[in-house]
Amino acid sequence: MNQEIEMEKGLFHELYKQLDSLDFRLYSPALLSGLLHGYLTVYSMVRVYPWLENDFGTPGAIHERAKSIVHLYPGQLNGDVPVDTRAGYAADKMDVYQLYSDLGYLKNGLDAAYRILSARGNGKISLPCRTPNICRMLCNCYYFAGDEACGELAGHLVTEALGYIRGGARGVLLSWWDAICLYGDVVGAMMLPKEDYKRLEEERARLRVSVEREEDKRIECFRQAGQDADFALVSEVFAIWAKREFNLSNINR
């Protein structure tokens, strides 16, 4: 097992170095969210464990790589882009704010979010679709704007998603996992009754094994594809490995 972990760690470090020279402008912003969250995870890791700068560079350098992705987003927040994609960009903007404390990111993300949620123009919040990006966006609106209506809507979406997954729709597990975790950490802990929150945490613990199994499948696809791996898969695997590296750092500190 230790040998497998070390091999995966080595592949992650190799991929990280390869991405350092990548020009993000060559790719659709819709494919960059995984890379962004990978860099945000690495940034957090290096801030907590400064000695990792030898492997990943300074927080400032990582910060600039992440910002170079976010700077491609503004033109993607208008009505010409599919609503689910816009919701993902809005959620990403707010995610970035948590590390950089730049109010511009938060304002842009919230403004875009409420344009999406109030598109019907009747003064009420409504869901344009029921996707993980919409759920992430709702969770962030609850967290940053204190909007309990958004928190309740996010809870409905998570409940529905968990129902699909229990019913055998495991194909949606990875796409929903981050949204489910975000809801549990940000909204559920505050809004849910104690017993309901306990059940949610127990379900997350049970699902984590399946999540890791699905992630391993993505990683194996990446390994087999080698240099022919498509960019969407590269982005996804980068984010998976970054989270695993962070978790290992926490265990080994």
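Residues numbered from 1 in each chain as written. Predicted model: local features only at pLDDT ≥ 70, side-chain atom pairs only at ≥ 80, totals over all residues. Heavy atoms only, no water.

### Describing the packing of helix α8 (residues 148–166) against helix α10 (residues 194–225)
Link 1 in the chain: For the pair α8 and α10, the least separation of the axes is 13 Å and the interaxial angle reads 40°. Here α8 is positioned oblique relative to α10, judged by the angle of their axes. Seen from above, α8 lies across α10 with left-handed handedness. Every residue of α10 that contacts α8 at Leu162, Ile165 and Arg166 is listed here: Leu200, Glu203 and Leu207. (Axes fitted to C-alpha atoms, helices over the stretch in contact; angles between N-to-C directions. Helix = DSSP H or I, 4+ residues; strand = E, 2+ residues; numbered from the N terminus. Parallel < 35°, antiparallel > 145°, perpendicular 65-115°, else oblique. Left-handed = near helix turned anticlockwise from the far one by under 90°. Contact = heavy atoms within 4.5 Å.)

### Here's the deal with the nonpolar core
Link 1 in the chain: The biggest cluster of nonpolar side chains holds 82 residues, and the ones touching the most others in it are Leu35, Tyr39, Val42, Phe56, Ile134, Met137 and Leu138.
Link 2 in the chain: The element best represented in this core is helix α9 (residues 173–191), accounting for eleven residues. (Core = buried A, V, L, I, M, F, W, Y, C linked by side-chain atoms within 4.5 Å. Buried < 20%, exposed > 50% of the residue type's maximum accessible area, 1.4 Å probe, protein only.)

### Comments concerning the environment of Leu15
Link 1 in the chain: Position of Leu15 among the secondary structure elements: in helix α1 (residues 2–19).
Link 2 in the chain: Between the alpha carbons of Leu15 and Gln224 there is a distance of 15 Å; along the sequence they are 209 residues apart.
Link 3 in the chain: Those residues in contact with Leu15 that lie beyond four places of it in its chain are Phe222, Val234, Phe238 and Trp241.

### Remarks on the packing of helix α5 (residues 83–100) against helix α6 (residues 103–117)
Link 1 in the chain: The interhelical angle for the contact between α5 and α6, taken along N-to-C directions, is 155°, at an axis separation of 8 Å. By the angle between their directions, the pair α5 and α6 is classed as roughly antiparallel. The two elements α5 and α6 meet at a crossing, and its hand is left-handed. Side by side, α5 and α6 meet where Val83, Arg86, Ala87, Ala90, Lys93, Met94, Val96, Tyr97 and Tyr100 of the first sit next to Leu103, Tyr105, Leu106, Asn108, Gly109, Leu110, Ala112, Ala113 and Ile116 of the second.
Link 2 in the chain: In terms of residue class, the contact of α5 with α6 is made up of 14 nonpolar, two polar and two charged. (Nonpolar A, V, L, I, M, F, W, Y, C, P; charged D, E, K, R; others polar.)

### A word on the confidence of the model for the protein
Detail in the predicted coordinates should be disregarded across regions flagged by low pLDDT.
Link 1 in the chain: Residues at a pLDDT of 70 or more form 95% of the protein, whose mean pLDDT is 90.
Link 2 in the chain: For the protein, the element scoring lowest by mean pLDDT is α1, at 87; helix α7 (residues 132–145) scores highest, at 96. (pLDDT = per-residue confidence, 0-100.)

### A closer look at the packing of aromatic side chains
Link 1 in the chain: Tallied over the full model, the rule gives 14 aromatic pairs.
Link 2 in the chain: Between Phe12 and Tyr16 the ring centres are 6.4 Å apart and the planes differ by 55°, which places this aromatic pair in the tilted class. With Phe12 and Tyr16 both in helix α1 and four residues apart, the pair spans about one turn of that helix.
Link 3 in the chain: For Phe12, a relative accessible area of 1% puts it in the buried group. (Phe/Tyr/Trp six-rings, centres within 6.5 Å; stacked < 30°, edge-to-face > 60°.)

### Considerations on the pattern of salt bridges
Link 1 in the chain: The tally for this structure, following the rule as stated, stands at 17 salt bridges.
Link 2 in the chain: One salt bridge connects Asp92 with Arg136, and the closest N-O pair in it is separated by 2.6 Å. Of this pair, Asp92 sits in helix α5 while Arg136 sits in helix α7, placing them 44 residues apart in sequence. An identical accessibility class is assigned to Asp92 and Arg136; each is buried.
Link 3 in the chain: Across the pair Glu201 and Arg204 runs a salt bridge, and its minimum N-O distance is 3.0 Å. On the criterion of helical spacing, the pair formed by Glu201 and Arg204 is a turn pair, its members being three residues apart in helix α10.
Link 4 in the chain: Take Glu201: its relative accessible area is 29%, and that puts it in the partly exposed class.
Link 5 in the chain: One continuous salt-bridge network, built from bridges that share partners, spans Glu8, Glu215, Asp216 and Arg244. (Salt bridge = Lys/Arg side-chain N within 4 Å of Asp/Glu carboxyl O.)

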